[in-house]
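# A closer look at the structure
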Amino acid sequence: MRGEDALKEIAKRKLLSGKDLVKRVIECEEAPELIVKLADELDEISDGWFSVHAIFILSIIGNDRAFEALKHIATTRDLGDFTIEDLPYLFARFEGKNG
């Protein structure tokens, strides 16, 4: 399953994404760009859950492109209060990885 297909499957499952799907996304080199590109479509499919999953997945990927994608998702989506509380932790995961 390609990265884009895994992202679409995560969106279809809404709240319950599954470890295997997340692993497929993490292994996909273009995942950060795909997440940003598909965010509107996949948030609609998932009733907004896709962006919630995406910020955690991007923090696991942990490279510069994932950091930029995380900033984009965090500033363009309504992630809800429970997720906003997690953002400092997710951004902190990048410290020391890329510089």
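All values derive from a computational prediction rather than experimental measurement.

For the coordinates displayed, the defined rule picks out two aromatic pairs. Look at Phe67 and Phe91: their rings are 5.7 Å apart centre to centre, the planes differ by 80 degrees, and that puts the pair in the edge-to-face class. Of the two residues, Phe67 is situated in helix α5 (residues 64-76) and Phe91 in helix α7 (residues 87-92); the sequence distance between them amounts to 24 residues. Assessed through its relative accessible area of 25%, Phe67 is described here as partly exposed. When the ring of Phe67 is compared with that of Phe94, the centres are 5.2 Å apart and the planes differ by 70 degrees; the resulting orientation is edge-to-face. Here the residue Phe67 occupies a position in helix α5, and Phe94 occupies one in the segment after α7, the gap between them amounting to 27 residues.

Another aspect to go through is the confidence of the model for the chain. Per-residue confidence for the chain averages 87 on the pLDDT scale, and 93% of its residues sit at or above 70. Mean pLDDT across the secondary structure elements of the chain bottoms out at helix α6 (residues 80-84), with 75, and peaks at helix α3 (residues 31-46), with 95.

Contact geometry for helix α1 (residues 3-12) and helix α4 (residues 49-61): axes closest at 9 Å, N-to-C directions at 130 degrees. The angle between the axes of α1 and α4 places the two elements in the oblique class. Taken as a pair, α1 and α4 cross one another with a handedness that is right-handed. Of the residues in α4, those touching α1 at Leu7, Ile10 and Ala11 are Phe50, His53 and Ile57. When its residues are assigned to classes, the contact of α1 with α4 shows five nonpolar, one polar and no charged.

Moving on, we get to α5. For α5, spanning 13 residues, the distance from its first C-alpha to its last is 19 Å, which sits close to the expected 18 Å at 1.5 Å a residue. Within α5, burial applies to Ala66, Ala69, Leu70, Ile73 and Ala74. Buried residues of α5, viewed axially, fall in a sector of 130 degrees; they line one side. Contact partners of the buried residues in α5: α3, α4 and α7. A distance of 3.1 Å separates the backbone nitrogen of Arg65 from a side-chain oxygen at the start of α5, and that oxygen is part of Asn63.

What counts, and where the lines are drawn
- Residues numbered from 1 in each chain as written.
- Predicted model: local features only at pLDDT ≥ 70, side-chain atom pairs only at ≥ 80, totals over all residues.
- Heavy atoms only, no water.
- Phe/Tyr/Trp six-rings, centres within 6.5 Å; stacked < 30°, edge-to-face > 60°.
- Helix = DSSP H or I, 4+ residues; strand = E, 2+ residues; numbered from the N terminus.
- Buried < 20%, exposed > 50% of the residue type's maximum accessible area, 1.4 Å probe, protein only.
- pLDDT = per-residue confidence, 0-100.
- Axes fitted to C-alpha atoms, helices over the stretch in contact; angles between N-to-C directions.
- Parallel < 35°, antiparallel > 145°, perpendicular 65-115°, else oblique.
- Left-handed = near helix turned anticlockwise from the far one by under 90°.
- Contact = heavy atoms within 4.5 Å.
- Nonpolar A, V, L, I, M, F, W, Y, C, P; charged D, E, K, R; others polar.
- Expected span 1.5 Å × (residues − 1).
- Arc of directions from axis to C-beta.
- Polar contact = N/O pair within 3.5 Å; in protein donor to acceptor, adjacent residues only side chain to side chain.

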